[in-house]
Amino acid sequence: MSSNDTPLLRVDNLSVHFSSRGSWLLNEPTYTYALNDVSLEAHKGEIVGIVGESGCGKSTLGRSILRLNTPTEGAIQFQGQDITQLRDRELRQIRKDIQIVFQDPLASLNPRMTIRSMLFEAMSFHNVVAADKREARAAWLLELCGLNPDALDRYPHEFSGGQRQRIGIARALSVSPKLLIADEPVSALDMSIQAQLLNLLYSLKREFDLTIIFISHDMKVVEHFCDRIYVMYYGTMVEHLPARRLKSDARHPYTQGLLEAIPPDHPSERRSTVPISGEVPSPHQKPRGCAFATRCPLSVESCGHSTPSSERLGLDHQVACPVVVHHTH
Amino acid sequence: MNIPNTTFQDLRTRVTQKFRGSPVAIFSLMVIVVYAIAAVMVMLGLVANDFDARVGEKFMSPNATSWLGTDRLGRDILSRIVYANKIAFIVGLVTATLSVLLGTLLGALSGFFGGWVDAFIVWLYSTVESIPYLLLLIAISYILGAGLSGVYLAFVLTFWVGPCRIIRGEVLKLKEAEFVIAARAMGYGPMRILFRHIVPNTLHLALVNFTLIFVAAIKSEVILSYLGLGVQGEPSWGTMIDQARAELVNGFFWQIGGATVAMFLLVLAFNIATDTLQQALDPRQTR
Amino acid sequence: MSTLSEVAPAPILSIRDLSIELRNGGSKQLATKGVGLDLCQGEVLGLVGESGCGKTLTCKAIMGLLPEGVGRVQTGEILFSGHDLTRANEPTMRTFRGNTLSMIFQNPLNALNPVLTIGEQLSEVLATHTTLKRSEIYQEALHMLRRVGMPDAARRMRAYPHELSGGMRQRVVIAMALLMEPDVILADEPTTALDVTVQAQILKLLKSFQRNHNSAILLVTHDFGVIADMCDRVAVMYAGRIIETGTVEAIFDHPSHPYTAKLLEAMPRGRPVPRGELSVIPGRVPSNPDDLSGCKFAPRCERVQKACHRTEPRLKRVREGSTRIDPHLVSCFIAFEDRDEVTHVIE
């Protein structure tokens, strides 16, 4: 699985808190605790999945890796280099090596630019190939992504959702990145198109030897597509384990709840109970103790006071839940 | 967020469709075109350049040679009105172009960079806006003296506020759009993102502002001339109306009537066309 | 064109041969053709298909909410409560909407008025359809908000939609749809925009309401998992046509239309599929299905035969999965192994 000792990407104890100024008059800022003490690793050639529901911070994490925001605490290392505090100008090379594909294929493409303009701009900005070779490369990229090269002269709104997503992927790949962040790349698409895109992403990964961080709320897709999975809840990592052992070895009560909440595959598998009730707490309050304590079937008193740390449960398996790790009931 | 997912081609189709659907709008457009052609013809020296020629007796009523009669110096009123059309068009064009350019630039910088740049520009346009624009126009023209360049400067300094505020608002919205984040993720710098990615998505608003300022300039020129601060030496609708005031007392209304009607028609046509344009460009109208 | 035999109870909502026409600029298109559905009291009927297949339009047609000047019912009837809804006038439709016939929309944020509080929006439903006093209305609304599982309901009555999470908003939308205890509920992708844990809660809520009031639900979705969880019977739609109907077991155990079979293949169901080899339906949904002769799925079908391009197949009964009350119907020539049937249909 991992070929090098140094992971391509390493995130250590990352916290990202946003503050937005309240109304001009009152001037009380509201804070959003998007990420709290999050750590992850991705080795070259891996597909690492980040799964969680809305508000868990997975998109923020994806953007943090790209340094589209500034971390409040913690460190991000890419190819051994600390990129946590670099400024925009210094990040220019990083922005070639780490690329992103967004969830909403329509919103992430400039409506007023042709496909050619988009691809050329990226290639020329990062000096990917000589100017006279760009046309050929653009056409080649589009074909690789399953599109007809005559798409070059057209505008985003002339394409279907699935096609636009392929364009987004082509754009990301045009600068030959090493790491690709896929932020819910198939969530906005019909199921049969999802399958096409996932197959495409996998073949591109092999062709370009990419490392992929795959962010999704869909457990089934993540289980199918990724090598390792990180489960997030309310800004924290609650569990991390290899994908093939997800169903058998998941221990964190939230992970188990997520798995049980997935609709059945057959009418005979209907369940009568609802696995997790209640609501996610507001991200505007500073988290106290375990984020999941209020909804957790296994919670004890100490859960509300002390923030659980991620502990090893087995090979490549970590859980942030003292109750599960130490069997304290 | 909802970004108008349109291109220039797409906008063109919508605009043509909207116009085709409204006979009034088409008529307005025709009126504007006629006026524009007339203005060009005047500029090329093809018509009405003899606006100073004495063609007949003073205060003649409309007759075979002078379709709208003559003024107090015996000059053909119709020729003067047509000539004044050229002035109106030029004033409108120059004012609208410069105002939109200046306003868009300041609005884009303001909305995108925020901070003290934004604070300063917002303060600036709030201040300018709070002064009744007539007083502002008068004050500036007075300082600069009467004459065309004074008029331009006064107008641009007054009218840049409209586009500035609107473009600023739009840029604020677009700043958070996903394709802008995508551009940042590609490593592009702020200037490139602002002018190559964001501003082109605001041009539909700039266009509407352009036509609005065009009309406002024409109307304001009339008012300035009425106050003696406007164009000198050449007839403009404003000076004609100003001069014709006294004639009304004597029952002679052809000059003031002609100039007023000419202006009114153009302004009305522009208003209708702008309304239709605005409806066509409204992103909420997308299917 | 699905039919129920005489043994079954009479359907509470019956759609017959519905064709909806859409005007797109200058051109007209049939967004749905010959759609037939029967919804019986107390049952959950799933209407499944991918985006653009016409399922939302069908719901809007039932509610009489097709976009003015853009969509209209070309032929067909929708029978409900002794009326043909396609011919009913606005005042009549208004007595049904929100009252005996209600709709849950897909995106709760869009379905709620951003400038009115939750309490005001709930109360409005009651104020329109009942003659209760204001205090009574408030109590009813609050009671319903609690029943749909809204935490801290009393406080939330005064909240605005943007102050609530997606799950809470959807609860409000459902509360509004259920306030008058309708006989028929049209649920258009009610959980698509929600997290999976919230989806589980919402579906349970719908199911319990449906059981308690014996209402009928037309559940529109693209997710077969939701179908498996909730539905008694299923209708599969493709390119504006119903191509297969049957009980939920019939559809899952004996999917007879190649499209249905392919869609179900997309669900892993325990056997892990190697990466890069997910089952895919090649091609795309036709943008102008009427311009295509024969079966609309034929261009993408693995089992296509020449006959498929010539004539459009009609819904016929399949033996596997059919019960006396609920026949399993498929519109596909290939579905029938009996060669005689195939040649017979072609002629």
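Model, not experiment: these values are computed from the prediction. (Residues numbered from 1 in each chain as written. Chains lettered and ligands numbered in written order. Predicted model: local features only at pLDDT ≥ 70, side-chain atom pairs only at ≥ 80, totals over all residues.)

## With respect to the overall build of chain B
- Secondary structure summary: chain B contains 12 helices and zero strands in total.
- Scanning chain B from its N terminus toward the C terminus, one meets helices and strands in the order α-α-α-α-α-α-α-α-α-α-α-α.
- Expressed as lengths along the three principal axes of its C-alpha atoms, the size of chain B is roughly 75 × 45 × 30 Å.
- Taken over 287 residues, chain B has a buried fraction of 44%.
- Contacts spanning at least 24 positions in sequence make up 67% of the contacts within chain B whose residues lie at least 6 apart. (Helix = DSSP H or I, 4+ residues; strand = E, 2+ residues; numbered from the N terminus. Buried ≥ 20, exposed ≤ 12 C-beta atoms within 10 Å, placed from the backbone. Contact = placed C-beta atoms within 7 Å.)

## Topic: helix α8 (residues 196-213) of chain C
- Counted at 1.5 Å a residue, the expected span for α8 of chain C with its 18 residues is 26 Å, and the 26 Å between its end C-alpha atoms agrees.
- Turning to α8 of chain C, its buried residues number three or more, namely V196, T197, V198, Q199, A200, Q201, I202, L203, L205, L206 and Q210 of chain C.
- Buried residues in α8 of chain C make contact with α9 (253-261) of chain A together with β3 (44-48), α7 (166-178), β7 (184-188), β8 (216-221) and α9 (224-230) of chain C.
- Phi for N214 of chain C, located one or two positions after α8 of chain C, is positive at around 55°. (Expected span 1.5 Å × (residues − 1).)

## Observations regarding the pairing of strand β9 (residues 228-233) of chain A
Residues and elements named next belong to chain A.
- Burial of β9 is extensive: six of the six residues sit out of reach of the surface.
- Of the two faces of β9, the one holding R228, Y230 and M232 and the one holding I229, V231 and Y233 are both buried throughout.
- In the sheet, strand β3 (residues 47-51) pairs with β9 via four bridges, with the strands oriented parallel. Residue pairing across strands places I50 opposite Y230, the latter belonging to β9. (Pairing = 2+ DSSP bridges.)

## A closer look at the sheet that holds strand β2 (residues 27-39) of chain C
All names here are of chain C.
- Read across the sheet, four strands follow the order β2-β1-β4-β5 without closing on themselves; strand pairing throughout is antiparallel. This sheet does not close on itself; its edge strands, each paired only once, are β2 and β5 (83-84).
- Strand direction decides the pairing type here: strand β4 (residues 71-80) and β5, joined by two bridges, are antiparallel. Paired with L79 across the two strands is D84, which belongs to β5.

## Some details on the nonpolar core
- Grouped together as the largest cluster of nonpolar side chains are 277 residues, with contacts concentrated most on I213 and F214 of chain A, A259 of chain B together with A175, L218 and L219 of chain C.
- Residue contributions to this core peak at 16 residues, all from helix α3 (residues 77-113) of chain B.
- In this view, A259 of chain B contacts I81, A84, W237, M240, I241 and A244 of chain B; residues no more than four positions away in its chain are not counted. (Core = buried A, V, L, I, M, F, W, Y, C linked by C-beta atoms within 7 Å.)

## Focus: the interface of chain A and chain B
- Across the contact, 22 residues belong to chain A and 19 residues belong to chain B.
- Elements represented by at least two residues in the side of chain A that touches chain B include exactly α2 (94-97), β6 (98-101) and α3 (115-125) of chain A.

## Quick word on the interface of chain C and chain A
- With 35 residues of chain C at the contact, the number on the chain A side is 31 residues.
- Of all elements in the fold, only α7, α8, α9 and α10 (248-253) of chain C reach the threshold of two or more residues within the side of chain C that touches chain A.
- Of all the elements, α8 of chain C adds the most residues to the side of chain C that touches chain A, at five residues.
- Split into classes, the residues belonging to the side of chain C that touches chain A amount to 15 nonpolar, 10 polar and 10 charged. (Nonpolar A, V, L, I, M, F, W, Y, C, P; charged D, E, K, R; others polar.)

## With respect to the arrangement of the chains
- Counting contacts across all two pairs of chains that touch, the top pair turns out to be chains A and C.
- The least C-alpha distance between chain B and chain C, which are not in contact, is 9 Å.

## Description of the packing of α7 of chain C against α8 of chain C
Residue and element names in this part refer to chain C.
- Between α7 and α8, the shortest axis-to-axis distance is 10 Å and the interhelical angle comes to 15°. One element, α7, and the other, α8, form an angle in the roughly parallel class. α7 and α8 meet at a crossing whose hand is right-handed. Here G167, Q170, I174 and L178 of α7 lie close against α8, whose contacting residues are V198, I202, L205, L206 and F209.
- The residue makeup of the contact of α7 with α8, split by class, is seven nonpolar, two polar and no charged. (Axes fitted to C-alpha atoms, helices over the stretch in contact; angles between N-to-C directions. Parallel < 35°, antiparallel > 145°, perpendicular 65-115°, else oblique. Left-handed = near helix turned anticlockwise from the far one by under 90°.)

## A closer look at the confidence of the model for chain C
Residues and elements named next belong to chain C.
- With 93% of its residues at a pLDDT of 70 or more, chain C shows a mean pLDDT of 86.
- In this model, residues 338-347 is a region of pLDDT below 50 whose contacts with residues beyond four sequence positions or in other chains number seven contacts.
- For this predicted complex, the interface confidence reaches an ipTM of 0.83, while the overall pTM sits at 0.82. (pLDDT = per-residue confidence, 0-100.)

## Looking at the sheet that holds strand β2 (residues 30-42) of chain A
Residues and elements named next belong to chain A.
- Strand order in the open sheet formed by four strands is β2-β1-β4-β5, with antiparallel pairing between adjacent strands. Two strands bound the open sheet, and with one partner strand each, they are β2 and β5 (81-82).
- Of the strand pairs in this sheet, strand β1 (residues 9-20) and strand β4 (residues 73-78) are connected by five bridges, and their pairing is antiparallel. The residue bridging V11 from the neighbouring strand is I76, located in β4.

## Quick word on unusual backbone geometry
- Phi at N13 of chain A takes a positive value of approximately 45°, unusual for a residue other than glycine.
- If you trace the backbone, N13 of chain A turns up in strand β1.
- For N13 of chain A, a count of 13 C-beta atoms within 10 Å gives the class partly exposed.
- A positive phi angle, close to 50°, is found at D17 of chain C, a residue other than glycine.
- Inspection of the secondary structure puts D17 of chain C in strand β1 (residues 13-24).

## With respect to helix α6 (residues 148-159) of chain B
Residue and element names in this part refer to chain B.
- Counted at 1.5 Å a residue, the expected span for α6 with its 12 residues is 16 Å, and the 16 Å between its end C-alpha atoms agrees.
- Residues of α6 that are buried: G150, V151, A154, F155, V156, T158 and F159.
- Contacts made by the buried residues of α6 are with α3, α4 (115-130), α5 (133-144), α7 (161-175) and α10 (203-226).

## Thoughts on the environment of V55 of chain B
Residues and elements named next belong to chain B.
- The topology assignment puts V55 in the loop between α2 (23-43) and α3.
- We classify V55 as partly exposed; it has 14 C-beta atoms within 10 Å.
- Remark: the alpha-carbon pair of V55 and T65, spanning 10 residues in sequence, is separated by 8.3 Å.
- Excluding residues within four positions of it along the chain, V55 makes contact with T65, S66, T70, G74, R75 and D76.

## Some points on the confidence of the model for chain B
Residue and element names in this part refer to chain B.
- Confidence in the prediction for chain B averages 82 pLDDT; 93% of positions are at 70 or higher.
- Element-level mean pLDDT values for chain B span from 70 in helix α1 (residues 8-20) up to 93 in α7.
- Scored below 50 in pLDDT, residues 1-6 shows 17 contacts in the model against residues more than four places distant or in partner chains.

## Digging into the packing of α9 of chain A against α8 of chain C
- At a minimum axis separation of 8 Å, α9 of chain A and α8 of chain C run at an interaxial angle of 50°. Looking at the two axes, α9 of chain A sits oblique to α8 of chain C. Taken as a pair, α9 of chain A and α8 of chain C cross one another with a handedness that is left-handed. Between α9 of chain A, through G257, L258 and A261 of chain A, and α8 of chain C, the contact on the second element is made entirely by V196, T197 and A200 of chain C.
- In terms of residue class, the contact of α9 of chain A with α8 of chain C is built from four nonpolar, two polar and no charged.

## Details of the pairing of β1 of chain A
- Sheet topology note: the β1 of chain A/β2 of chain A ladder contains nine bridges and is antiparallel. Bridging across to β2 of chain A, H17 of chain A finds its partner in Y33 of chain A.

## Here we look at the environment of V236 of chain C
- You can see V236 of chain C is positioned in strand β9 (residues 233-238).
- The contacts of V236 of chain C, once residues within four sequence positions are left out, are V48, G49, I243, E244, H257 and T260 of chain C.

## Description of the environment of I94 of chain A
- Within the fold, I94 of chain A resides in helix α2.
- Setting aside chain neighbours within four positions, we find I94 of chain A in contact with R67, F78 and I83 of chain A.

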